[in-house]
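An overview of the molecular structure
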Amino acid sequence: MDAAREQQQQTRVNDEEPDLQRNASSTNRWRFPKLIHYKWWLRVILCIFFLLVGQTAATLLGRLYYDKGGNSKWMATFVQSAGFPILLPLLFFFSSSTKSENISTASSFTTKPKLSTLLLLYAAFGLLLVGDNMMYSYGLLYLPVSTYSLLCATQLAFNAFFSYFLNSQKFTSFILNSLVLLTISASLLAVNADSENTTGISRGKYVIGFLCTLGASATYSLYLSLLQLSFEKVIKRETFSVVLDMQIYPSFVATCGCVVGLFASGEWKGLSKEMKEFEQGRVSYLMTLIWTAVTRQISSVGLLGLIFEVSSLFSNVISTLALPIIPIFAVIFFHDKMQGVKVIAMLLAIWGFVSYIYQHYLDDSKSEANKSKSNQVSGAAIEI
């Protein structure tokens, strides 16, 4: 009888242990909400830094490639995704830490998506990136960097549109104001095409670059909204290794697609000549391509991290923050002209960015107030 009683007591303890762990976890979250909030902001700030630095450097290096003698559009597209191997050590580290955490937590019982579903997801995103990166390559080839970067601000308007239908994003007066301002900004650049210094590029090619950049912005916005939808509906896991997975595997597919395009188009035959004739030498040619690939991956990790931590629309807003940075560097390094219309377009784009940021501030303040009330109620219940 004693043995049976001890067995029953042990069974009861084992059954209650997960509940105790959950109660302790919720109690710790109640006791240290500010610490958890600060950690979240630290991750967000780090992602913002990666995104801004990576995007600015990658755009300037991409323009440098064309200005100094590069002319292969497939090579310019290739380097936008080919840097994914540098993320493999991070993937190994975070995957190992996630597995060790899952052994002692209930998250190990989370249903994982089927491998076939993930492979289909990676392939679809990878092919979408190939087309998107190719359009961006045409945009950089035919447009000045300042014009190109300002047109990329339309991503915010496109992303708000897709987020409304795919991610249940609500429109407010500030968001609508942001979209209108960005639309006007892009329209000013369009009507200013005749007076734009396009360094000998014909009007036809300028229009191609303009339309390709707009198309790339729309495609990338769709890509971001679909990524957020995949995190919420398909993957359903909250680990940084998942973010890295969604960067590495689609990039691998995109890189393979670019290799096929490079050989199918015949551009690979002129790469050796292109390297020899590059104005700053072979080493500079290789370093330009390598660092373009590296900075593009840094930018993508920051972007995906913001999607994971906040939303696809917020990540696009932070991407728009590079607007006043890239044109300034373009004037310094590539001698782009900052004409009056372009300055007005930049100010309107920045105004649109600030408008959305203020809306996010209001949403965050409201969310924090609701959490505070919820924590107070939970704390009173625990004390009782």
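Rules used throughout
Residues numbered from 1 in each chain as written. Predicted model: local features only at pLDDT ≥ 70, side-chain atom pairs only at ≥ 80, totals over all residues. Heavy atoms only, no water. Helix = DSSP H or I, 4+ residues; strand = E, 2+ residues; numbered from the N terminus. Contact = heavy atoms within 4.5 Å. Areas by Shrake-Rupley, 256 points an atom, 1.4 Å probe, with all protein chains shown as cover. Axes fitted to C-alpha atoms, helices over the stretch in contact; angles between N-to-C directions. Left-handed = near helix turned anticlockwise from the far one by under 90°. Nonpolar A, V, L, I, M, F, W, Y, C, P; charged D, E, K, R; others polar. 1 Å grid on protein atoms, 1.4 Å probe; cavity = no way out; pocket = protein on both sides within 12 Å on 5 of 7 lines; lining within 4 Å. Points joined across faces, edges and corners; volume = space filled by probe spheres on them. Patch = residues over 30% accessible without salt bridge, like charges linked within 9 Å, V, L, I, M, F, W, Y side chains within 5 Å. Salt bridge = Lys/Arg side-chain N within 4 Å of Asp/Glu carboxyl O. Parallel < 35°, antiparallel > 145°, perpendicular 65-115°, else oblique. Phe/Tyr/Trp six-rings, centres within 6.5 Å; stacked < 30°, edge-to-face > 60°. Buried < 20%, exposed > 50% of the residue type's maximum accessible area, 1.4 Å probe, protein only. Expected span 1.5 Å × (residues − 1). pLDDT = per-residue confidence, 0-100. Core = buried A, V, L, I, M, F, W, Y, C linked by side-chain atoms within 4.5 Å.

The next point concerns the overall build of the protein. When helices and strands are counted, the protein shows 15 helices and zero strands. For the protein, long-range pairs separated by at least 24 residues make up 85% of all intrachain contacts whose partners lie at least 6 apart in sequence. A total accessible area of about 20,200 Å² is found for the protein, and carbon and sulfur atoms account for 66% of it.

Turning to the packing of helix H7 (residues 155-166) against helix H9 (residues 203-235), a few remarks are in order. Across the interface, H7 lies against H9 with an axial gap of 8 Å and an inter-helix angle of 35°. The two elements H7 and H9 cross, and the hand of that crossing is right-handed. When H7 is examined against H9, the residues Gln155, Phe158, Asn159, Phe162, Ser163 and Leu166 are found in contact with a partner set consisting of Leu214, Ser217, Ala218, Tyr220, Ser221, Leu222, Leu224, Ser225, Leu226 and Leu229. When its residues are assigned to classes, the contact of H7 with H9 shows ten nonpolar, six polar and no charged.

So, on to the environment of Leu289. With respect to the helices and strands, Leu289 occurs in helix H12 (residues 282-309). Taking the C-alpha atoms as reference points, Leu289 and Ala58, 231 residues apart in sequence, are found 9.6 Å from one another. Sequence-distant contacts of Leu289, that is, excluding residues within four places in its chain, are made with Tyr65, Met75 and Val79.

Under the counting rule described, the total for this entry stands at two cavities of 30 Å³ or more. Considering only enclosed or pocket space, the largest cavity measures out at about 440 Å³ in volume. Around the largest cavity, the lining comprises 30 residues; the ones closest to its centre are Gln55, Tyr136, Gln155, Tyr220 and Arg296. Every element with two or more residues in the lining of the largest cavity is listed here: helix H2 (33-67), helix H5 (115-142), helix H6 (145-151), H9, helix H10 (240-265), H12 and helix H13 (312-320).

Attention now moves to a nonpolar patch on the surface. A cluster of nonpolar side chains, contributed by Phe161, Tyr164, Phe165, Phe171 and Leu176, occupies part of the molecular surface with about 520 Å² of accessible area. Considering every element that reaches the nonpolar patch, the biggest residue donor is H7, with three residues. Within the fold, Phe171 resides in the loop between H7 and helix H8 (173-191).

The geometry of H5 relative to H9 is characterised by a closest axis approach of 7 Å and an angle of 155° between their N-to-C directions. Taken together, the axis directions place H5 and H9 in an arrangement best described as roughly antiparallel. Both H5 and H9 take part in a crossing whose hand is left-handed. Classifying every residue of the contact of H5 with H9 gives 19 nonpolar, eight polar and two charged.

Further remarks concern the packing of aromatic side chains. Under the definition given, this model contains 15 aromatic pairs. Note on Tyr138 and Tyr142: the rings are 6.0 Å apart at their centroids and 50° apart in plane angle, and the pair reads as tilted. Of this pair, Tyr138 and Tyr142 both sit in helix H5, four residues apart, roughly one helical turn. On the basis of relative accessibility, which here comes to 13%, the residue Tyr142 falls in the buried class. Through a chain of ring-to-ring contacts, the aromatic side chains of Phe125, Tyr136, Tyr148, Tyr220 and Tyr223 assemble into a single cluster.

This part covers the environment of Ser137. Counting through the fold element by element, Ser137 comes out in helix H5. Taking the C-alpha atoms as reference points, Ser137 and Arg63, 74 residues apart in sequence, are found 9.3 Å from one another. Contacts of Ser137, omitting those with residues within four sequence positions, involve Tyr66, Lys73, Ala76, Thr77 and Gln80.

Helix length check: H7, at twelve residues, gives a terminal C-alpha distance of 16 Å against a target of 16 Å (1.5 Å per residue), a fit within 8%. Within two residues after H7, Ser168 carries a phi angle of roughly 55°, on the positive side.

Take the confidence of the model for the protein next. In regions of low pLDDT, the predicted coordinates are not meant to be interpreted in detail. Looking at the protein, pLDDT values average 77 and 75% of them are 70 or higher. Per-element mean pLDDT across the protein ranges from 46 in helix H1 (residues 2-31) up to 94 in helix H3 (residues 73-78). A low-confidence stretch, residues 15-34 (pLDDT under 50), is modelled with eight contacts involving residues beyond four sequence positions or located in other chains. Low confidence marks residues 103-109, where pLDDT is under 50. Its contacts with residues over four positions away, or in another chain, come to three contacts.

Counting residues in each nonpolar core, the largest one holds 53 residues, and the members touching the most others are Met75, Met246 and Leu306. For this core, the secondary-structure elements that each account for two or more residues are H2, H3, H5, H6, H9, H10, H12 and H13. Setting aside chain neighbours within four positions, we find Met246 in contact with Leu121, Tyr122, Phe125, Tyr223, Leu227, Phe231, Ile235 and Leu304.

Looking at the element boundaries, Gln155 is found in helix H7. Sequence separation between Gln155 and Leu214 is 59 residues, and the spatial gap between their C-alpha atoms is 8.1 Å. Leave out the neighbours within four places in its chain, and Gln155 touches Tyr136, Ser217, Tyr220, Ser221, Asn316 and Ser319.

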